[in-house]
Amino acid sequence: MDKLSITGGNPLAGRLRVSGAKNSALPILAGTLLTEQPVTIRNAPHLHDVTTMIELLGTLGADVVIDEKLNVEVCAGTLGELLAPYELVKTMRASFLVLGPLVARFGQARVSLPGGCAIGSRPVDQHLKGLEAMGAQIEVVDGYVHASAADGLRGNDVYMDVVTVGGTENLMMAACLARGRTRLRNCAQEPEITDLGNFLSALGAKISGHGTATIEIEGVPALHGGSHKIMPDRVEAGTYLVAAAATGGRLRVMDVEADILASVLEKLRQAGADIKIGEGWIELDMHGRRPRAVDIETAPYPGFPTDMQAQFMALNAVAEGAATIRENIFENRFMHVQEMNRLGADIEVHGHSMAVVHGVGALTAAPVMATDLRASSSLVIAALVAQGTTLIDRIYHIDRGYETIEEKLQQVGAQVQRVT
Ligand code: UD1
């Protein structure tokens with residue numbers, strides 16, 4: 001199993017390019033199932049989760065071709081058995097996003113329930129409630145959701161009583177081919193949802209309000225083919241900026257827009273970073289200073305993203321002062337704390353959702369284990385500041401969400417090697 005070996009102490013310095021967003025590529029790839037015509041996806045990141053989604057599309061019977069520029073062309077003309085098997089869904093929860101497109105286009109689908117996962121129970125009740133409101137019959141049999149709508153879906157008003165990114169995406173896609181108008185309320189407003197809405201519009205969907213709490217969709221009988229460029233990965237960009245801040249470095253991230261990172265940049269400024277913004281780039285300079293501790297509270301967009309919580313924990317671990325971190329989205333998302341404390345951090349967890357971090361002068365290397373995607377990137381940041389060489393095990397978690405992380409970090413002066 002691959003490991004990362006990181007020798008800490010070098011401030012990050014230089015420039016790096018941000019890849020396409022994983023959390024945008026996954027729903028958009030699922031959305032290619034809505035049309036029988038070919039769809040080209042540009043700027044898809046080369047990541048394990050994206051490969052899993054492509055494998056799922058292939059299992060369903062879609063033709064998928066990846067060209068020399070890494071564009072992904074999907075043609076879901078005729079599909080085979082409309083079944084998303086447990087083996088694929090269990091490895092990646094976003095596989096559940098094929099349910100809405102399949103039932104909308106074919107009137108039936110069987111998709112495995114995602115099941116438990118390391119960061120909490122993560123139910124799909126809102127997805128199912130919304131599809132039922134659009135006329136689907138839902139049964140759960142032996143861990144599989146059987147959805148059917150023999151006469152097609154009907155548009156309806158749906159209020160989601162939890163703000164859910166995946167739920168909003170599944171229902172948006174389903175509504176594109178439903179008869180009549182759907183009004184989705186209390187929607188998640190993440191930029192990836194705006195990107196999905198723009199993609200669906202490019203295929204001929206009549207959709208408005210994506211990126212706000214109310215999305216309206218006027219169903220059409222069919223979508224056509226098209227092409228779409230995936231937006232930049234704001235979590236990848238944020239992670240590298242935090243790594244630069246924690247190491248007292250200076251870094252420019254390119255191919256990214258600052259407006260999708262507003263809450264993160266604000267916290268970095270509070271931590272003492274000097275931030276400059278240009279067209280398509282963000283530059284952070286710590287002027288060699290140690291960061292100041294910053295309180296964090298996660299919330300749905302435009303609040304502070306849960307996917308950046310662990311990285312700020314690492315920053316606070318070496319900051320001046322103490323900070324409180326509140327995790328309000330997931331119930332079990334502090335698994336990195338134990339590992340960070342092995343590196344000499346001083347972090348206490350109170351209940352499920354609060355941690356208090358007392359910044360320490362230095363961390364020291366130790367063998368650690370990645371437990372989930374963002375937790376593992378926080379360990380990378382901690383290792384970049386720790387004295388000595390840290391070995392991070394189970395980095396397949398990192399490969400789910402960070403494209404060629406060791407190459408990008410080497411490019412900006414970090415001492416990182418992948419060891420097998
Ligand atoms: C997406 C992101 C993930 C991010 C998360 C929150 C993708 C592929 N993944 O995950 O990186 O951390 O948003 O920003 O885009 N919930 C329910 N019922 C439901 C659905 C969700 O109670 O039917 C709860 C979940 O348990 C969780 C909260 O809602 O507590 C948010 O989950 P959700 O927004 O759905 O996350 P994902 O779409 O799975």
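Residues numbered from 1 in each chain as written. Predicted model: local features only at pLDDT ≥ 70, side-chain atom pairs only at ≥ 80, totals over all residues. Heavy atoms only, no water.

**A word on the nonpolar core**
Thinking step 1. Ranked by size, the top nonpolar core spans 145 residues in total, and within it Val 98, Leu 153, Leu 200, Val 253, Leu 268, Phe 312 and Ile 392 carry the most contacts.
Thinking step 2. Filtering out sequence-adjacent residues up to four positions away, Leu 153 remains in contact with Val 103, Ala 104, Leu 131, Met 134, Ala 136, Ala 174, Ala 178 and Arg 179. (Core = buried A, V, L, I, M, F, W, Y, C linked by side-chain atoms within 4.5 Å. Buried < 20%, exposed > 50% of the residue type's maximum accessible area, 1.4 Å probe, protein only. Contact = heavy atoms within 4.5 Å.)

**Looking at unusual backbone geometry**
Thinking step 1. Look at the link from Tyr 301 to Pro 302: it is a cis peptide, with omega at 10°.
Thinking step 2. For Asn 186, which is not a glycine, the phi torsion comes out positive at approximately 60°.
Thinking step 3. The topology assignment puts Asn 186 in the loop between strand E11 (181-185) and helix H7 (191-202).
Thinking step 4. Here Asn 186 falls in the partly exposed class, since its relative accessible area comes to 22%. (Helix = DSSP H or I, 4+ residues; strand = E, 2+ residues; numbered from the N terminus.)

**Here's the deal with the site of the ligand**
Thinking step 1. As a matter of local geometry, the ligand sits amid 18 residues, with Asp 125, Thr 164, Val 165, Asp 307 and Ile 329 nearest to it.
Thinking step 2. The separation between an oxygen atom of the ligand and a polar main-chain atom of Gly 166 is 2.8 Å.
Thinking step 3. One of the side-chain N or O atoms of Asp 307 is found 2.6 Å from an oxygen atom in the ligand.
Thinking step 4. In isolation the ligand offers 740 Å² of accessible surface; the protein chains occlude 85% of this area.
Thinking step 5. Listing elements by their share of the shell around the ligand, those giving two or more residues are helix H5 (125-133) and helix H6 (165-176).
Thinking step 6. With three residues, H5 is the single largest residue contributor to the shell around the ligand. (Near = heavy atom within 4 Å. Polar contact = N/O pair within 3.5 Å; in protein donor to acceptor, adjacent residues only side chain to side chain. Areas by Shrake-Rupley, 256 points an atom, 1.4 Å probe, with all protein chains shown as cover.)

**Concerning the sheet that holds strand E23 (residues 389-393)**
Thinking step 1. Taken together, the four strands give an open sheet; going across it, the order is E22-E23-E1-E24, and neighbouring strands pair in mixed fashion. Because the sheet does not close on itself, it has two edges, and the strands there are strand E22 (368-369) and strand E24 (415-419).
Thinking step 2. Direction of pairing for E22 relative to E23: parallel, over a ladder of two bridges. The partner of Val 368 across the bridge, within E23, is Ile 392.
Thinking step 3. Across the sheet, helix H12 (residues 373-385) lies against strand E1 (3-7), E22, E23 and E24, angled at about 30° from E1, the strand it touches most. (Pairing = 2+ DSSP bridges. Axes fitted to C-alpha atoms, helices over the stretch in contact; angles between N-to-C directions.)

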